[in-house]
Amino acid sequence: MDRLEELENQSVYIIREAYKNFKNLVTLWSIGKDSTVLLWLTRKAFFGHVPFPLVHIDTHYKIPEMIRYRDELALKYGLNIIYGENAEALKRKTTFPDGKVNRIECCRLLKTEALKRTLSGEWPRYKFDHKKKKYVVDKNKEPYTGVIVGVRSDEEGSRSKERYFSPRDKKNEWDVTDQPPELWNQFKTDFAPGTHLRIHPLLDWTELDIWEYIEREKIPVTKLYFDQGKGKRYRSLGCYPCTKAVDSTAKNVKEIIEELKTGKFSDIAERSGRDQDKEDGGGLETLRRDGYM
Amino acid sequence: MKKEQMNIVIVGHVDHGKSTVIGRLLADTNALPKGKLEQVKEYCKINSKPFEYAFLLDALKDEQSQGITIDSARCFFKSKKRDYIIIDAPGHIEFLKNMISGAARAEAALLVIDANEGIQENSKRHGYMLSMLGIRQIAVVVNKMDLVNYDEKVFGRIKEDYEKFLKQIDIEPKAFIPVSAREGDNITKSSPNFKWFKGHNVLSTLDSFRKVKSLEEKNFRMPIQDVYKFTGQGDDRRIVAGRIESGSISVGDGVVFLPSNKCSMIKSIEQFNVKKKEKVSAGFCPGFTLQEQIYVGRGEVMCKVDEKQPYVSSKFMANIFWMGKIPMLTGKEYKLKLATVSVPIKLQKVIKVMDASNLSTSGKQKIERHDVAECIIRCNDEIAFDLAADIEATGRFVIVDKYDIAGGGIITEYIESDEHGTIKKDLRGEVCPLTLDHSKPLIEKIRSGQALEIIIDHLPALENIGKFCLDHHLKFDFERKGKDVKITIKA
């Protein structure tokens, strides 16, 4: 087995364990390359099927191409896709682009808070109706107790300490100093009522592994990752006010792999274009303890 | 061709410099992203504390403020030979469960001992845990040699004493390496400070470790994770899915599921976005369709009919380590998870309890936090298992106390179930329960004196069962139990 095969099979195993153990399971789909690989691995685990919904948190500051790509893939694979948002913060303009709060607070409101309330079912969920070809309010308000998230250890410090199955308490908080033991592929699947679990099948993958897997499997990803002729491309996708495109002429997956291996990005961190990280002392621990992905 | 990958764990007593060894290793091999070192240095300056390489890994705020590793971190690193994931395990006794979580993912280990402080409690305890976790490739790194003036005698003493300890627990270390991680001596390059040392540095020692021998040659085992049928999406396949933990299997092979003893034959190997395969082996998580549709589910182990099969029993002898804050007691009910089976158990008897930090033993009948114990476990139902020494994946387990994984263990000996003789099978809900034609092992068990007790609720199936017994010259007896029928088959 080579490295990619090892990674793929470990992730498939984890995804199946999650499916077996959680009745109300969802995958958080950010539309980026990692969560798209996660979607692919889900299809690997279930022989082409995606047996649970994908949840997307729409901050309304996502690059518009991301949303277009999201709905295109939903149609193509017949995905059960749901989105949620922080309607109130958006209405009252308590956001960083509106100049009312700093970056960290903006992330907390538009992502963390929206995520928590969407998962719990307190705020409206919008579900893609494949017949009407548009989003409609989802009647199901049952809380989701298991959430699959595509975070990787190599992204930043607090993620390098994560478990595959990581419990969050009633308030969605992560007790990072007292994580459950996890060994021999036995995960935490018993928990007190009210807790829910984050499941992280991609912890052992690096950015380079992700691209090499996309290349091997020919997984479709959004074109934002490629240079469209202006010498710029996105290396990591997020909200446009806080995510910078990088200077690069990589036009396809092969060229991105080359760039990561030997080229200009071989020693620059992937999230270096993400400004919220810098405001948290170089990591995302503060945000993540509070429920950020 | 992709390079191979190896998972390494770094363990040892608190403050002996594990995170510093890794931090140095990452920095000296350019594994850190540009700006990371500067970023951490800048952070230290702002918070007015001296820079340490350990901060590269101790990313959590509590870790940095207390200068201690709380949880295992994964770091990525490359040598010319292979890709590594290095797991930095905490050394404080309080975080032993995190050390175990980290070490359980590793194929090889570096054990760090402080030259100045010498062998401490957790140097020994971690050594012992490595052996229980089945990690055989170990190198001992004697760190902080700068604090003892690079004295060969200090190194020699630690080497002699620790070798003695490792011998008692049957570990033969691959190397002892004197280093100073803070100064970068002997981490990725040899140092003039160690003129007296002729061995490899840490990096080349890692490269000399070998990948664990392939599991393909062992007997086939696939614990069932789940059985899928996505009829709603227009898919008629009924797929038995799991991870092949050992061995290999081909289309057409006869299989038996344990402990239920049901048999069938592999019809096809199912994988998504892969060319159809005829054979698949250990490490993969494929699906299978079966020739005869039988009712099997999670917790059973798929084995090959013509190979040596796992033990089936409700009792076994095991070595257990306990991580729970509340001790493990005899008589109390726990849950055991082994591969994909999950079953209520009780601790029947403690043979002996050991303190892994000094190997002293006692006869107390409870297992306290951080104890290691030899004991007898009794399960509520029969399960299929192997001895850990034969097949690790089906020979080791965790114990859940209420909601938490509180202990782990390896099976050392098989003990026969008490209800000797009777194999029980509940086949209610099945239209054609006896596809026993291939069930050679089952028939052999009946012939050797064990009774088979079946419960069915579909009466026409009696005909099949009767025919099966006549064909194989077995006696059978049946009695009505409400809507069900109980059938007893004997030799």
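Computed from a predicted structure; not experimentally measured.

A. Region of interest: the overall build of chain A. Helix and strand content of chain A: 9 helices and 10 strands. Whereas a compact globule of 293 residues would reach a radius of gyration of roughly 19 Å, chain A reaches 18 Å, a difference of no more than 12%. Dimensions of chain A, computed from the C-alpha atoms along their principal axes, are close to 50 × 50 × 45 Å. Buried positions account for 53% of the 293 residues belonging to chain A. Residue pairs in contact within chain A that sit at least 24 positions apart in sequence constitute 72% of those at least 6 positions apart.

B. Main features of the domain arrangement of chain B. All names here are of chain B. Assigned domains within chain B: domain 1 (5-208), domain 2 (221-304), domain 3 (311-415) and domain 4 (422-490). Measuring from the centre of the C-alpha atoms in domain 2 to the corresponding centre in domain 3 gives 29 Å. Each partner contributes to the interface: domain 2 provides 12 residues, whereas domain 3 provides 11 residues. Here the side of domain 2 that touches domain 3 gets 4 residues from one element, more than from any other, and that element is strand 7 (residues 221-228). Of the residues that constitute the side of domain 2 that touches domain 3, the class distribution is 5 nonpolar, 4 polar and 3 charged.

C. Up close: the pairing of strand 4 (residues 108-114) of chain B. All names here are of chain B. Of all 7 residues in strand 4, 7 are buried; the element is thus mostly enclosed. Here strand 4 shows a buried face lined by Ala108, Leu110, Val112 and Asp114 and a second buried face lined by Ala109, Leu111 and Ile113. One ladder, built from 7 bridges, connects strand 4 with strand 5 (residues 137-143); its direction is parallel. Bridge pairing links Leu111 to Val140 in strand 5. Remark: the strand 4/helix 5 (residues 121-132)/strand 5 crossover connection has right-handed handedness.

D. Highlighting the interface of chain B and chain A. On the chain A side, the residues contacting the 55 residues of chain B number 48 residues. Tallied by class, the residues present in the side of chain B that touches chain A amount to 23 nonpolar, 13 polar and 19 charged.

E. Local environment of the sheet that holds strand 11 (residues 262-270) of chain B. Read around the closed barrel, the 6 strands follow the order 7-8-13-11-10-14 (chain B); overall the barrel is antiparallel. On average, each strand axis in the sheet is tilted by 50 degrees relative to the strand beside it, whichever way the strands run.

F. A look at helix 1 (residues 18-28) of chain B. All names here are of chain B. Extensive coverage of helix 1 is indicated by the burial of 9 of its 11 residues. In the core, the buried residues of helix 1 are packed alongside strand 1 (5-12), strand 2 (73-78), strand 3 (83-88), strand 4, strand 5 and helix 7 (202-208). Phi turns positive, to about 55 degrees, at Asn30, one or two residues after helix 1.

G. Molecular detail of the domain arrangement of chain A. Residues and elements named next belong to chain A. Partitioning chain A into domains gives domain 1 (3-205) and domain 2 (207-276). The gap between the C-alpha centroids of domain 1 and domain 2 is 22 Å. Facing the 25 residues of domain 1 at the interface are 22 residues of domain 2. Every element with two or more residues in the side of domain 1 that touches domain 2 is listed here: helix 1 (3-21), helix 2 (33-45), helix 3 (64-77) and helix 5 (103-120). The element that contributes the greatest number of residues to the side of domain 1 that touches domain 2 is helix 2, accounting for 5 residues. Residues of the side of domain 1 that touches domain 2, tallied by class, amount to 14 nonpolar, 3 polar and 8 charged.

H. Molecular detail of the packing of helix 1 of chain A against helix 2 of chain A. Residues and elements named next belong to chain A. Look at helix 1 against helix 2: their axes get within 9 Å of each other, and the N-to-C directions meet at 75 degrees. Looking at the two axes, helix 1 sits roughly perpendicular to helix 2. Taken together, the residues of helix 2 that come into contact with helix 1 (itself represented by Glu8, Ser11, Val12, Ile15 and Arg16) are Leu41, Thr42, Lys44 and Ala45. Residue composition of the contact of helix 1 with helix 2, by class: 4 nonpolar, 2 polar and 3 charged.

I. Region of the structure containing the nonpolar core. All names here are of chain B. Within the largest apolar cluster, 197 residues are counted, with the highest numbers of intra-cluster contacts made by Ile8, Ile10, Ala103, Ala109, Val141, Val142 and Val202. Not counting chain neighbours up to four residues away, the residues in contact with Ala103 comprise Val9, Val11, Ala89, Ala109, Met129, Leu130, Leu133 and Ile135. Among the nonpolar cores identified, the runner-up in size contains 9 residues, and Ile423, Leu452, Ile456 and Ile489 belong to it.

J. Broad picture of the packing of helix 6 (residues 207-217) of chain A against helix 7 (residues 253-261) of chain A. All names here are of chain A. Between helix 6 and helix 7, the least distance of the axes is 9 Å, while the angle of their chain directions is 155 degrees. Relative to helix 7, helix 6 is oriented roughly antiparallel. Where helix 6 crosses over helix 7, the handedness of that crossing is left-handed. When helix 6 is examined against helix 7, the residues Glu207, Leu208, Trp211, Glu212, Ile214 and Glu215 are found in contact with a partner set consisting of Val253, Lys254, Ile256, Ile257, Leu260 and Lys261.

K. View of the sheet that holds strand 6 (residues 175-178) of chain B. Residue and element names in this part refer to chain B. Strand order in the open sheet formed by 6 strands is 2-3-1-4-5-6, and the pairing between neighbours is mixed. Bordering the open sheet on either side are strand 2 and strand 6, each of which pairs with just one other strand. Averaged over all pairs of adjacent strands, the angle between strand axes in this sheet comes to 25 degrees, irrespective of strand direction. In the sheet, strand 1 pairs with strand 3 via 6 bridges, with the strands oriented parallel. Across the sheet, the residue bridging to Ile8 is Ile86, located in strand 3.

L. Focus on the environment of Ser190 of chain B. Here Ser190 of chain B is to be found in the loop between strand 6 and helix 7. Placed 124 residues apart in sequence, Ser190 of chain B and Ser314 of chain B show a C-alpha to C-alpha distance of 54 Å.

M. Structural detail: unusual backbone geometry. Between Leu258 of chain B and Pro259 of chain B the backbone carries a cis peptide bond, its omega angle lying at 15 degrees. Secondary-structure assignment places Pro259 of chain B in the loop between strand 10 (254-258) and strand 11. For Lys218 of chain A, which is not a glycine, the phi torsion comes out positive at approximately 55 degrees. Assignment of secondary structure puts Lys218 of chain A in the loop between helix 6 and strand 9 (232-233). One non-glycine residue, Tyr150 of chain B, adopts positive backbone phi at about 55 degrees. For Tyr150 of chain B, the location among the structural elements is in the loop between strand 5 and helix 6 (152-168). Residue Tyr150 of chain B is classed as buried on the basis of its 22 C-beta neighbours within 10 Å.

About the thresholds
Residues numbered from 1 in each chain as written. Chains lettered and ligands numbered in written order. Predicted model: local features only at pLDDT ≥ 70, side-chain atom pairs only at ≥ 80, totals over all residues. Helix = DSSP H or I, 4+ residues; strand = E, 2+ residues; numbered from the N terminus. Rg over C-alpha atoms; globule rule 2.2 N^0.38 Å. Buried ≥ 20, exposed ≤ 12 C-beta atoms within 10 Å, placed from the backbone. Contact = placed C-beta atoms within 7 Å. Domains from an automatic or database assignment. Nonpolar A, V, L, I, M, F, W, Y, C, P; charged D, E, K, R; others polar. Pairing = 2+ DSSP bridges. Right-handed = clockwise from strand over helix to strand, strands pointing away. Axes fitted to C-alpha atoms, helices over the stretch in contact; angles between N-to-C directions. Parallel < 35°, antiparallel > 145°, perpendicular 65-115°, else oblique. Core = buried A, V, L, I, M, F, W, Y, C linked by C-beta atoms within 7 Å. Left-handed = near helix turned anticlockwise from the far one by under 90°.

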